[in-house]
Amino acid sequence: MAMLILECCTKKADYNSGYRDGYVLNEFLRMIDHPVDYHEISRKSDLLDLLSDDPCYEHVYISSHGEVQEDEVYLQLPRARVYPEEFPEGCFESAELVGLSACSLGKVAFTRRFMQQTGARMVVGPKKDVLFADSAIFFLNLFYLMHCQERGAKNALARTADFLKGTRPFTVRRGG
C-alpha cells in the first residue's frame, strides 16, 4: 500500500529556506523502494479535490505551516487556510498514521477536530514550532522503522523517541 506525501510548502521563500521535508521524505522512501504518491500542493481546492477522491493510503504525511491560536486553528497553504472541518469527511480512515510537519498542529486544539473530521486513527505532529530539518530527521527515522524494519506505528514511535532523546517536540494523539 502506498504512502501519501503532501508537500504544502511550495512558496519560493519556503523552497529557498529549505522547507521541503516532504520532498526529502519522498526521495528517501523512493530510495528504499517504498511506493509513494507525492504531491506538491499550493491551492486549497487542489488539496480538497485530491482528498475527496476516496484516498486509500497506509500512511499520510503533510508538510506545511499551521497555526494554533485561541479560537483559530488551521493548516496554512501558500494561498489559503484549511480548517479541520474543511477536510473531506473520513478521508484518512484507512491510514494507520497521519504525520503533520506543520508548526504546532500536534496540539489537541487542532488534532481533536482534525481526527473527528478525517477519521484519522493516529496523528503525530509537533506541539511547538519545530525546525523543518528536525522534523525531517524525526519522520525519516519513524518511517524507516515502519517500512524497512516492519515495525508497527507504536513501536516505531517509541524507538524514534528513544533515538532522538532530549528532543521531544512531537506529540502523539490516538483516537477512540
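Residues numbered from 1 in each chain as written. Predicted model: local features only at pLDDT ≥ 70, side-chain atom pairs only at ≥ 80, totals over all residues. Heavy atoms only, no water.

Draft legend 1. Representation of the sheet that holds strand β5 (residues 72–76) in the model. Taken in spatial order, the three strands of this open sheet run β4-β5-β6, and their pairing is antiparallel. Where the open sheet ends on each side, the last strands, each with one partner, are β4 (65–69) and β6 (81–82). Here β4 pairs with β5 via five bridges, running antiparallel. The residue of β5 that forms the bridge with E67 is Y74. Across the sheet, helix α4 (residues 108–118) is in contact with β4 and β5; its angle to β5 comes to roughly 75°. (Pairing = 2+ DSSP bridges. Helix = DSSP H or I, 4+ residues; strand = E, 2+ residues; numbered from the N terminus. Contact = heavy atoms within 4.5 Å. Axes fitted to C-alpha atoms, helices over the stretch in contact; angles between N-to-C directions.)

Draft legend 2. Structural view of unusual backbone geometry. Positive phi outside glycine occurs at D54, with the angle close to 50°. Relative to the helices and strands, D54 resides in the loop between α3 (44–52) and β3 (59–63). Exposure remark for D54: the relative accessible area of 69% places this residue in the exposed category. The residue C103 is not glycine, and still its phi comes out positive at about 45°. Its place among the elements puts C103 in the loop between β7 (97–101) and α4. (Buried < 20%, exposed > 50% of the residue type's maximum accessible area, 1.4 Å probe, protein only.)

Draft legend 3. View of the nonpolar core. L6, L47, L75, F92 and V98 are the most contacted members of the largest nonpolar core, which totals 29 residues. Only β1 (3–7), α3, β3, β5, β7 and α4 provide two or more residues apiece to this core. Residue contributions to this core peak at four residues, all from α3. Sequence-distant contacts of L6, that is, excluding residues within four places in its chain, are made with H39, I41, L47, L50, L51, Y61, I62 and S63. Within the second largest apolar cluster, 19 residues are counted, among which are F139, F143, A153 and L157. (Core = buried A, V, L, I, M, F, W, Y, C linked by side-chain atoms within 4.5 Å.)

Draft legend 4. A look at the pattern of salt bridges. If you walk through the whole model with that rule in mind, you get four salt bridges. With a shortest N-O distance of 3.4 Å, R81 and E72 are connected by a salt bridge. Taking relative accessible area as the criterion, R81 reaches 35% and is therefore assigned partly exposed. With its nearest N and O atoms 2.5 Å apart, the salt bridge here joins R113 to E85. One end of the pair, R113, is in helix α4; the other, E85, is in the loop between β6 and β7, and 28 residues separate them in sequence. The exposure class of R113 is partly exposed, given its relative accessible area of 29%. Here E85 falls in the partly exposed class, since its relative accessible area comes to 41%. (Salt bridge = Lys/Arg side-chain N within 4 Å of Asp/Glu carboxyl O.)

Draft legend 5. Region of interest: the packing of helix α2 (residues 21–31) against helix α5 (residues 132–147). Where α2 contacts α5, the axes come no closer than 9 Å and their chain directions differ by 30°. With respect to α5, the axis of α2 lies roughly parallel. Handedness of the α2/α5 crossing: right-handed. On the side of α2, the interface is formed by D21, V24, L25, F28 and L29, while α5 contributes F132, S135, A136, F139, L140, F143, Y144 and H147. Per-class residue counts for the contact of α2 with α5 are ten nonpolar, two polar and one charged. (Parallel < 35°, antiparallel > 145°, perpendicular 65-115°, else oblique. Left-handed = near helix turned anticlockwise from the far one by under 90°. Nonpolar A, V, L, I, M, F, W, Y, C, P; charged D, E, K, R; others polar.)

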